[in-house]
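Remarks on the overall topology
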Amino acid sequence: MMLTVLAIVALALAAFGSPENDLKPEKENMSTEDTNNTTVANKTNEVKITPAKAQQIAEKFIEESGATAGIPTLDEIDGEMIYTVPVVINGTTVGEININAMTGENMGGAGGV
């Protein structure tokens, strides 16, 4: 009896695949024109400032007590590669500082502090 159950389970897995395969996301076929994210990924090699350096630069411009520079994200804004560095207080993003990824220049930002 137990052997019959195991044989049926094995046949079912062979026919339908394992449950783990159902959980894996399918890869999307994306070209550089498909999304801005792909374009940014292709231009990452062109930046001169590292995310860590952008974070250090942004930290110098934070004047609010207790606020820190969060983890930067790289975006293309008006044809320029810009790190958006969140300004964080007690785990809450209260603003952002934009750092030029080529020059390290503070490009401004938005929000609360």
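Owing to the predicted nature of the structure, the values given are computational and were not obtained by experimental measurement.

**A look at the environment of Val-47**
- Position of Val-47 among the secondary structure elements: in the loop between helix H3 (36-43) and helix H4 (51-60).
- For Val-47 and Ile-82, which are 35 residues apart along the polypeptide, the C-alpha to C-alpha distance reads 9.2 Å.
- Discounting chain neighbours no more than four positions away, the residues touching Val-47 are Leu-74, Met-81, Tyr-83, Ala-101 and Met-102.

**Some points on the pairing of strand S4 (residues 92-100)**
- Summarising the sheet, strand S3 (residues 80-89) and S4 pair through eight bridges and their orientation is antiparallel. Among the inter-strand pairings, Val-87 is bridged to a residue of S4, identified as Gly-95.
- Between the antiparallel neighbours S3 and S4 lie two residues, among them Asn-90 with a positive phi of about 50 degrees.

**Re the environment of Val-85**
- Tracing the sequence through the fold places Val-85 in strand S3.
- Counting along the chain gives 16 residues from Val-85 to Ala-69, while the straight-line C-alpha distance between them is 6.3 Å.
- The residues touching Val-85, leaving out its near neighbours within four places in the chain, are Ala-54, Gln-55, Ala-58, Ala-69, Gly-70, Pro-72, Gly-95, Glu-96, Ile-97 and Ile-99.

**A short note on the nonpolar core**
- Counting residues in hydrophobic clusters, the biggest one holds 16 residues, and the most contacted among them are Tyr-83, Val-85 and Ile-99.
- Of all elements in the fold, only H4, S3 and S4 reach the threshold of two or more residues within this core.
- With four residues, S3 is the largest single contributor of residues to this core.
- For Ile-99, the contacting residues outside a window of four places in its chain are Ala-54, Ile-57, Ala-58, Met-81, Ile-82, Tyr-83, Val-85, Gly-104, Glu-105, Asn-106 and Met-107.

Rules behind the numbers
- Along each chain, residue indices are assigned from 1 in the same order as the chain's sequence is written.
- In view of the model being predicted, local features appear only for residues whose pLDDT reaches at least 70, and side-chain atom pairs are presented and counted only at 80 or more, with totals across whole chains, interfaces and linings using the full set of residues.
- With hydrogens and water stripped out, all remaining heavy atoms of the structure feed into the side-chain values.
- Every helix listed is a DSSP run of H or I at least four residues long, and every strand listed is a run of E at least two residues long, numbered separately from the N terminus.
- Should any heavy atoms of two residues lie within 4.5 Å, those residues are considered in contact.
- We call two strands paired when DSSP finds no fewer than two bridges between them.
- For the purposes of this section, nonpolar cores are sets of buried Ala, Val, Leu, Ile, Met, Phe, Trp, Tyr and Cys residues that join through side-chain atoms within 4.5 Å.
- Burial status follows relative accessibility: with a 1.4 Å probe on protein chains alone, a residue under 20% of its type maximum counts as buried, one over 50% as exposed, and anything between as partly exposed.

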